[in-house]
Each structure stands twice: as C-alpha cells, then as structure tokens.
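Given next are the chains, with one letter for each unit.
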Amino acid sequence: MSDHQAPEHTSLIKTPKQLIIVVLLSFIVPVTVIIMLAQLAMDGKRKPEATAASEEAVAKRLKPAGSVVVDPNAPAPVAAAPVVAVAAPGAAAPAAAGGGDAAKGKSVYDAACMACHAAGVAGAPKTGDKAGWAPRLKTGKDALYTAAIKGKGAMPAKGGNASLSDGDVKAAVDYLIGLAK
C-alpha cells in the first residue's frame, strides 16, 4: 500500500508555561467580558445621586395622605377635668339637657373638634365661619346635636372620641354655635 501515513495529531500547547497561560486566560477572559456587559447594561444607573433621588421619590410616594398639625400657641386640652365632671351624677344632668358651660365646650372642642373644624377638613364648617354655619343653624340645635353625637358624612360620631358623653358633645356644639353667631 502506501508509505504515506497521516501526520500525528499535534496540540498548539507544547509547554507547561503555555498550558498555565491558557488555563488562566480561560477564566479571566469570560469574567472580564461578563463584567463589561454588566456595565454596559447598567449604563451607569447605580450612581449614589440616583439612589438618593429614588429613595426620596419612594418616601414621597409612601407619605401619608394627611397629617396632624398641632398649633404650639393653642392651649393644652384639659383631659382630667371633663372625665371627673362626667363621673359626678349631678354634673351630667345639666349637660345632658343641652346647657353645658362655655369652658367645658371649649375644652371638648380643643380636644376633639378643632382638628377638623379649625381648618375645614373634609367639608367641615370652619370655626366662626358664619356663612358656613348658617344652613346648619337653620336646621336647629337638636339636629346639630344629633349629627355631632351620631356622626354625619365624613364626621365620626362624637368627633371620633367615643369616650365623650352626649353632654360633652352638646357643650362643644353650643360653643361652636356661639362662635358662628
């Protein structure tokens, strides 16, 4: 047959040094390519300024719809006096009749009613606004008492303070009516 034989299969790597270089490059090159592609995909989006701005945007989106603002010049509400007065049997009768004194009405107003009526929140007539209170005053005191005690529209029963007695609520209504006249 023929004396011509196929050459033996030979490798490009002929020395141990070449082998070490090829092995190292087989790890370094793909890692470098992956890092470069990640940088290209990110396109510099992870800057500290962008992170701070996005944190502010998230905080703004999560901000509550409303907040309570306390006037530092407003007198402090008196919580202990109304509770003691309600507990006394003789004190509850005049307040239940709708009388109530002005000081009690003001303290109940300051504690429960002022948060909405001072600013006109959710359509509440503002304190002292004669035009806003005129249609309500036409319905009479009894209708106002009932609305304040049981709640009406956005206003919760007893101004959101269920621990108030009906007499306390009536005193606050009388106080508001006095300011609207």
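Procedures and definitions
Residues numbered from 1 in each chain as written. Predicted model: local features only at pLDDT ≥ 70, side-chain atom pairs only at ≥ 80, totals over all residues. Heavy atoms only, no water. Helix = DSSP H or I, 4+ residues; strand = E, 2+ residues; numbered from the N terminus. Buried < 20%, exposed > 50% of the residue type's maximum accessible area, 1.4 Å probe, protein only. Contact = heavy atoms within 4.5 Å. Areas by Shrake-Rupley, 256 points an atom, 1.4 Å probe, with all protein chains shown as cover. Core = buried A, V, L, I, M, F, W, Y, C linked by side-chain atoms within 4.5 Å. 1 Å grid on protein atoms, 1.4 Å probe; cavity = no way out; pocket = protein on both sides within 12 Å on 5 of 7 lines; lining within 4 Å. Points joined across faces, edges and corners; volume = space filled by probe spheres on them. Nonpolar A, V, L, I, M, F, W, Y, C, P; charged D, E, K, R; others polar.

A description of the overall build of the protein chain should follow, citing residues and the corresponding values.
Scanning the protein chain for helices and strands turns up eight helices and zero strands. Reading the protein chain from its N end, one meets helices and strands in the order α-α-α-α-α-α-α-α. When each of the 181 residues of the protein chain is scored for burial, the buried share is 19%. In the protein chain, the share of contacts with a sequence separation of at least 24, taken over all contacts with a separation of at least 6, comes to 52%. Looking at the protein chain as shown, the accessible area adds up to about 13400 Å², and 66% of this sits on carbon and sulfur atoms.

Before we move on, could you go through helix H7 (residues 141-150) and cite the residues and values that matter?
Within the span of H7, buried status applies to Leu144, Tyr145, Ala147, Ala148 and Ile149. The inward-facing, buried residues of H7 abut helix H6 (130-138) and helix H8 (166-180).

Before we move on, could you go through unusual backbone geometry and cite the residues and values that matter?
The backbone of lysine 158 shows a phi angle near 55°, a positive value even though the residue is not glycine. Relative to the helices and strands, lysine 158 is located in the loop between H7 and H8.

Go over the nonpolar core, please, and point to the residues and values.
Ranked by internal contacts, the top residues of the largest apolar core, which has 17 residues, are Tyr109, Cys113, Trp133, Leu144, Leu164, Val169 and Val173. Counting only elements with at least two residues in this core, the list comes to helix H5 (102-117), H7 and H8. Looking at this core element by element, the count peaks at seven residues for H8. Residues contacting leucine 144, with those up to four places away along its chain left out, are Trp133, Arg136, Leu137, Thr139, Val173 and Ile177.

Can you explain the layout of surface pockets? Please cite residues and give values.
In this structure, the largest pocket spans a volume of roughly 650 Å³. If you trace the largest pocket, you find 29 residues lining it, with His117, Pro125, Ala147, Lys152 and Met155 closest to the centre. It is H5 that contributes the most residues to the lining of the largest pocket, five residues altogether. A per-class count over the lining of the largest pocket returns 21 nonpolar, five polar and three charged.

Take it as geometry only, folks, not as evidence of what the structure does.
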